[in-house]
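Tertiary structure, described
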Amino acid sequence: MNVASQYDKIDSLKLILLQEKNDTAVIDKLIQIGMAYTSFKNDSALIYLQEALQLSEKAGYKKGELGARRYFAIHLNSVKSDYAAALDMYLKNLKAEEETGDTNFIFLDVRDIAVIYANIEDRKKQFEYINKLRSLINSGITKDSLKLSNYKVILNVQLGVFYSDPKMNKLDSAKYYRTLVYNLGLKNDSPVWMALGSGGLADVYLNMKKADSAIYYYQICRQSALKINRNDLYVESLVGLGKVYLAEKKLDSAYYYGLKAYKFLLEVKDATRMINASELLSEIYFEKGQPDSAYNYLKQTMQVKDSIFSSEKIYRIQNLGFSETLKKQQEEQTKKEAL
């Protein structure tokens, strides 16, 4: 959906909102408007989602509360890169979902928490939440075979992400899970799974120093991502191609893809992925023997890293995770004592 049609959709939702009299219907429309603004990184999303959350809590509308909080967390996570605030909201949702037995969002909330821990490179907590995904699948969380199939693919994506870290030396495992996702995408003609699988395989081959295979799968990822408007996967494929060509000392090609990614990220305002793009351009300029330009991009990289991954923010995330673990232990102990 292009920007013009997205704004048309928002305008239509606003007109319907003005006519709604029912409290829950008003809340649902506020959430839909907030979601629409989030899709192109507009902070108006926060205004509508905040109002939806407040009205839901006041009215005791649990479905609206969970939905508003979830999409608020998505915006904080994917747009603002405020991982601590997003994690706090996800954990509140999980607590409410566990109390009410509402499984509508629980699987996706757990997945998003695993992604947050992946972003801050807390591998222990990341794997803990990946295991929760596995447990949810095995628990019979849904009887819907299509939904269950999608959940299994999501689990494989997260396992692929986890094992892709070259420091873990588990690239064969990463390749196995990424291939499962890619092959399922081919079988079902799903551009989403194809984009996720091919992008993951390309990352694996990049780390294995297999340039031809990495380029092949990055190109597939780039084309698939464009079809489904996945800006994150599209720009990751551009940065990946730049890294491959840099490793091959093909600096003109590396610069082409690096600059393309950088300009695109300026347009869509994706701070987290800007780190990789500016870092790539810094390395390219260093290889070209242009230290001033290399330094400028390195400085940008450090500034973005400091704003997103400050020690204070990482501490807040770790403290939230510790508090949640402690609560679980206390609840389990209380249950044992009650027996």
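Let us look at the structure shown here.

1. Observations concerning the overall build of the protein chain
The helix and strand tally for the protein chain stands at 16 helices and zero strands. For the protein chain, the proportion of its 339 residues judged to be buried stands at 47%. Across the protein chain, the fraction of contacts at a sequence separation of at least 24, relative to all contacts at a separation of at least 6, is 54%.

2. Concerning the packing of aromatic side chains
In the structure shown here, the tally under the stated rule is 17 aromatic pairs. Consider the rings of phenylalanine 162 and tyrosine 163, whose centres lie 5.2 Å apart with planes at 75°: the pair is edge-to-face. Of the two residues examined, phenylalanine 162 and tyrosine 163, each falls in the buried class. Aromatic pair tyrosine 256 and tyrosine 257: ring centres 4.9 Å apart, planes at 80°, arrangement edge-to-face. A connected cluster of aromatic rings, assembled from ring pairs, spans Phe127, Phe162, Tyr163, Tyr176 and Tyr177. Its guanidinium or amino end placed over the ring of tyrosine 255, lysine 288 lies 4.3 Å from that ring's centre, counting from NZ or CZ.

3. Side note on unusual backbone geometry
Positive phi is not limited to glycine here, since serine 81 has a value of about 55°. With respect to the element layout, serine 81 can be found in the loop between helix 4 (62-78) and helix 5 (83-100). The phi angle at asparagine 169 is positive, at roughly 60°, despite the residue not being glycine. Relative to the helices and strands, asparagine 169 is located in the loop between helix 8 (145-163) and helix 9 (171-188). Look at asparagine 169 and you get exposed, because its relative accessible area is 67%.

4. Some thoughts on the pattern of salt bridges
All told, the structure shown has 18 salt bridges when counted by the stated rule. Where glutamate 121 meets lysine 167, a salt bridge forms, and the shortest distance between an N and an O atom there is 3.7 Å. One end of the pair, glutamate 121, is in the loop between helix 6 (106-119) and helix 7 (123-138); the other, lysine 167, is in the loop between helix 8 and helix 9, and 46 residues separate them in sequence. When sorted by exposure, glutamate 121 lands in the same class as lysine 167, which is exposed. With a closest N to O distance of 3.7 Å, glutamate 279 and lysine 305 form a salt bridge. Taken together, the residues span a long stretch of sequence, with glutamate 279 in helix 14 (residues 271-287) and lysine 305 in helix 15 (residues 291-308) at a distance of 26 residues. On the accessibility criterion, glutamate 279 (27% relative accessible area) is partly exposed. Because the salt bridges share partners, they merge into one network encompassing Glu57, Lys62, Glu65 and Arg69.

5. Concerning the packing of helix 14 against helix 15
The relative placement of two packed helices comes down to the angle between their axes together with the axis-to-axis distance. Close contact between helix 14 and helix 15 brings their axes to 8 Å; oriented N to C, the two are set at 160°. Here helix 14 is positioned roughly antiparallel relative to helix 15, judged by the angle of their axes. Crossing angle aside, the handedness with which helix 14 passes helix 15 is left-handed. Counted together, Ala271, Thr272, Ile275, Ser278, Glu279, Leu281, Ser282, Tyr285 and Phe286 of helix 14 and Ser293, Ala294, Tyr297, Leu298, Gln300, Thr301, Val304, Lys305 and Ile308 of helix 15 form the full contact between these two elements. Here the residues of the contact of helix 14 with helix 15 are counted per class, giving 10 nonpolar, six polar and two charged.

Cut-off values and rules
Residues numbered from 1 in each chain as written. Predicted model: local features only at pLDDT ≥ 70, side-chain atom pairs only at ≥ 80, totals over all residues. Heavy atoms only, no water. Helix = DSSP H or I, 4+ residues; strand = E, 2+ residues; numbered from the N terminus. Buried < 20%, exposed > 50% of the residue type's maximum accessible area, 1.4 Å probe, protein only. Contact = heavy atoms within 4.5 Å. Phe/Tyr/Trp six-rings, centres within 6.5 Å; stacked < 30°, edge-to-face > 60°. Lys NZ or Arg CZ within 6 Å of the ring centre and 35° of its normal. Salt bridge = Lys/Arg side-chain N within 4 Å of Asp/Glu carboxyl O. Axes fitted to C-alpha atoms, helices over the stretch in contact; angles between N-to-C directions. Parallel < 35°, antiparallel > 145°, perpendicular 65-115°, else oblique. Left-handed = near helix turned anticlockwise from the far one by under 90°. Nonpolar A, V, L, I, M, F, W, Y, C, P; charged D, E, K, R; others polar.

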